[in-house]
Structure formats: C-alpha cells, structure tokens
Amino acid sequence: MKTLTVNLGERSYPIYIGSRILESDELLARHLTSSQVMVITNETVAPLYLERVKQRLTGKETAEVILPDGESYKSIESAMIIFDRLLAGKISRDASLIALGGGVIGDLVGFTAACYQRGVPFIQIPTTLLAQVDSSVGGKTAVNHPRGKNMIGAFYQPQCVLADTSTLDTLADRELSAGLAEVIKYGLIRDLEFFEWLEANLERLLARDAEALAYAIERSCLNKAEVVAEDERESGLRAILNLGHTFGHAIETGMGYGTYLHGEAVAIGICQAADLSRRLGWLDADSVERIVSLLARARLPVTPPTDLDADRYLDLMAVDKKNVAGKLRMILLERIGRATLPMAVDPELLRATLNEYGRR
Ligand SMILES: NC(=O)c1ccc[n+]([C@@H]2O[C@H](COP(=O)([O-])OP(=O)(O)OC[C@H]3O[C@@H](n4cnc5c(N)ncnc54)[C@H](O)[C@@H]3O)[C@@H](O)[C@H]2O)c1
Ligand SMILES: O=C(O)C(=O)C[C@@H](O)[C@H](O)[C@H](O)COP(=O)(O)O
Ligand SMILES: [Zn+2]
C-alpha cells in the first residue's frame, strides 16, 4: 500500500492506495471517530462492495442509503433524500458519512456532508478509476443544476481517501477509458514525463495491468495533491485541473447529464482546448495530433457532438465557474506538460475552434 498526503494544515489527510485495502479493519477504523456511520452508495456498487465495507464497521451504529445509478442523480433531490435519512435516523453531528462509489457518489456525499448540521466528517472510498485519480481528492463537492455542472457545491475535504485498486476489476471498459481522460490531463497540464510514460504504457493500462494502473493512480494523485495543497480553493493555480472542462461541462449539460460520461466530455474538451492553443500559436500541429491520438488510443471520443453548435456551446459556457465579470476564461496549453492559468480568449479564435475543430 502507498500513502500520499494532501497537505492542508489542519485539514490534511491521507490517500491510501493499494489492492484489497478494503479488507483491512484498521485503516477505516483509524478515521472513524464516532459510533454512528452512514454509508451512501448506489444500486450498482452496493451488491459488489457494500458488505465488504460493512464488515469493517462492526460495533458501529450503521445506516446505509442506496441511490439509483447515474449522473442525473448527482442532484439536490438526492441530497434531500440523504438529509431526510440522516434526520429520520437521528444521526448527530459527530457521525461520519462514507461515500462508496464513483465520482457521482463522492461529489454528492461530500456536498451532503458539508451541509448536514453545517458539516460532518466524511470518508471517500472511490471505486472507479476516475474517482481514484481525481474526484475523491481535493475537496470539490457539488451537485449539478439543470443549467450547469457542479453549480451548487462547497469546498469540503474528506478525512481520508481509501482507494482499493482491486475494485477496478469490476469496472466497465468504457468507465476505465473515462478515467484515463483525467489521467492524461495531469500529463498535459504539468507532467511531461508522465505524458510520455502514458504514450508508452497506454495498452498496459487498457489491459488493466495492475502495476501500471497502480503507478498511474499514484502519479495522478500526487499531481493533484500538490496542486490542491498550493491552492485549495482555486484562487489561481488549481484552475489548471480544469483543462478541457469549459468545453466538457458544456457538452455534459447541453447533451443531458449522462449522455456523455464526464471523462468522455473532458476528452473532447481537451482536444478543443488543444486546437485553440494551436490557433494562438502555442502548440504546433504535431503536438495537437499527439494529444488527440493518445486520447483516441484510450478509446475516448475526440470530436464534439454534432447537436451542439457554436452558439449553444457559448451559451452553456457563459456560466462556467472560472468566468470573471461575466467574461469567459479558459485553461489552455502553452505546450505539452504546461498549462496556462485561466485566461480570456479571443472570441473569434474560440468561435473558429467551435466551428471547425472536428466538424466536417
Ligand atoms: N470533485 C472533483 O474534483 C471531480 C473530479 C472529476 C470528476 N468529478 C465528477 O465525478 C463524476 C464522474 O465520476 P465517475 O466517472 O466515477 O462516474 P460514476 O460515479 O457515475 O461511476 C461510473 C459508473 O461506474 C459504476 N461503478 C462504480 N464503481 C464501480 C466498480 N468498482 N465496478 C463496477 N461499476 C462501478 C457506477 O455505478 C457508474 O455506473 C462526475 O459527476 C464529475 O463531475 C468530480
Ligand atoms: O479538482 C479540481 O479542481 C478540478 O477541476 C478537477 C476536475 O476534474 C473536476 O471535474 C471538477 O469537478 C471540476 O470542477 P468545477 O469547478 O469546474 O466544477
Ligand atoms: Zn473532471
């Protein structure tokens, strides 16, 4: 097992990464301070892993909430269901919540934990690649609004992250690929050596080679932990983690939550951001091709949906959280391995990318 730390002073916490670490009685116990625990998961993950978690909770007063599966359930209505169950169970402020599942459950439970009685401790047990490399780390919690992704939320850090890599054995191939989009993102924004490693080892990851997966998860978490430690609440640097997300979130909202997986929408968004970076004279055509080709090799979509035209994109992007004074700001690439801070973009060049990249 590897242990990384997210260094945030009194809100610091460990990320445990290893195969079958959910079988350890000691790890979870270390971070469960109270006698009341609520585990929140969904209908897909519950039959696979809920018992395994409950076995670690003997002696605790344990409640569980099993929600329907899907991005459309990352909603205020789902949060209300959890609040209702917490109150009906007379669960007090020293109780702990456990998020067992992918990023949808992690973001939702984190948000619920931040709000219930103004804040109760919570633990992340991520079970998708995307959640193990990104969403469980860093304390961005939220639910979606029909007009925009993650629009209702809070920064709220977990007590720990427990990433059992053996849970990925049951993950669908499409979901594994979605997680790879965020893995590739780390290489692009700040870790050229990792990007090159990914180019050389992508087939091992797709074949679920355990050693390669563990390395990719650790290196991704290390990158994220360093960025978050420097800028917890996204006043500057942290926004580089949003590469591809201005376009990607527009795709998710515009196409209806769940039509494109988050990682798929981000993959398309990264390609569009790369195209725009080329139009600005930063990336050359070969670098754009290198990026698109790695994402395509990861079996991710690399062209935008035909149903979204430039005007609809721009309308959806007008509520992006990086915008300042109503003006769009985006993360672009100076080169592979180095992202810009959020920057205003020339509207003509942006429109050119929206009209021309991947449109034929
Ligand atoms: N907070 C953050 O920093 C952050 C970062 C990235 C993404 N996100 C959010 O994360 C969400 C996407 O997360 P996701 O990709 O994990 O999607 P997800 O939570 O919907 O999980 C993907 C699918 O895999 C299933 N699943 C989960 N674990 C499984 C397992 N071990 N075996 C079999 N099936 C399993 C789920 O039930 C679901 O059907 C989006 O809402 C996105 O906005 C948040
Ligand atoms: O942790 C971050 O910061 C990120 O931006 C990570 C992203 O991968 C993630 O999708 C995040 O939820 C997006 O945040 P948002 O502020 O654009 O909603
Ligand atoms: Zn993301």
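Residues numbered from 1 in each chain as written. Chains lettered and ligands numbered in written order. Predicted model: local features only at pLDDT ≥ 70, side-chain atom pairs only at ≥ 80, totals over all residues.

So, the nonpolar core
Judged by nonpolar contacts, the single largest core of 114 residues is most densely connected at Ile40, Ile98 and Leu295. In this structure, this core is formed jointly by two domains, domain 1 (2-170) and domain 2 (173-356), each of which donates at least three residues. (Core = buried A, V, L, I, M, F, W, Y, C linked by C-beta atoms within 7 Å. Buried ≥ 20, exposed ≤ 12 C-beta atoms within 10 Å, placed from the backbone. Domains from an automatic or database assignment.)

Points about the environment of phenylalanine 155
If you trace the backbone, phenylalanine 155 turns up in strand S8 (residues 148-155). In this structure the C-alpha to C-alpha distance between phenylalanine 155 and alanine 142, which are 13 residues apart in sequence, comes to 8.6 Å. (Helix = DSSP H or I, 4+ residues; strand = E, 2+ residues; numbered from the N terminus.)

Overview of the site of ligand 1
Taken together, 30 residues surround ligand 1, and among them Thr44, Gly102, Gly103, Thr128 and Ser135 come closest. Going through the elements one at a time, helix H4 (103-115), helix H5 (129-135), helix H6 (173-190) and helix H10 (262-279) are the ones with two or more residues in the shell around ligand 1. A class-by-class count of the residues in the shell around ligand 1 yields nine nonpolar, 14 polar and seven charged. Here the shell around ligand 1 gathers at least three residues from each of two domains, domain 1 (2-170) and domain 2 (173-356). (Near = placed C-beta within 6 Å. Nonpolar A, V, L, I, M, F, W, Y, C, P; charged D, E, K, R; others polar.)

A look at the domain arrangement of the protein chain
Segmentation of the protein chain into domains returns domain 1 (2-170) and domain 2 (173-356). Tallying the contact residues gives 30 residues for domain 1 and 29 residues for domain 2. Examining the composition of the side of domain 1 that touches domain 2, we find that five residues originate from one element, H5, more than from any other. Considered class by class, the residues forming the side of domain 1 that touches domain 2 number 12 nonpolar, 13 polar and five charged. (Contact = placed C-beta atoms within 7 Å.)

Focus on the UniProt feature "domain: 3-dehydroquinate synthase C-terminal" (unreviewed entry) in the protein chain
When the UniProt feature table is mapped to this numbering, "domain: 3-dehydroquinate synthase C-terminal" (unreviewed entry) covers residues 179-323. In the segment residues 179-323, helix accounts for 68% and strand for 0%; the C-alpha atoms at its two ends are 26 Å apart. (UniProt positions renumbered as here; feature names shortened; annotations may be inferred.)

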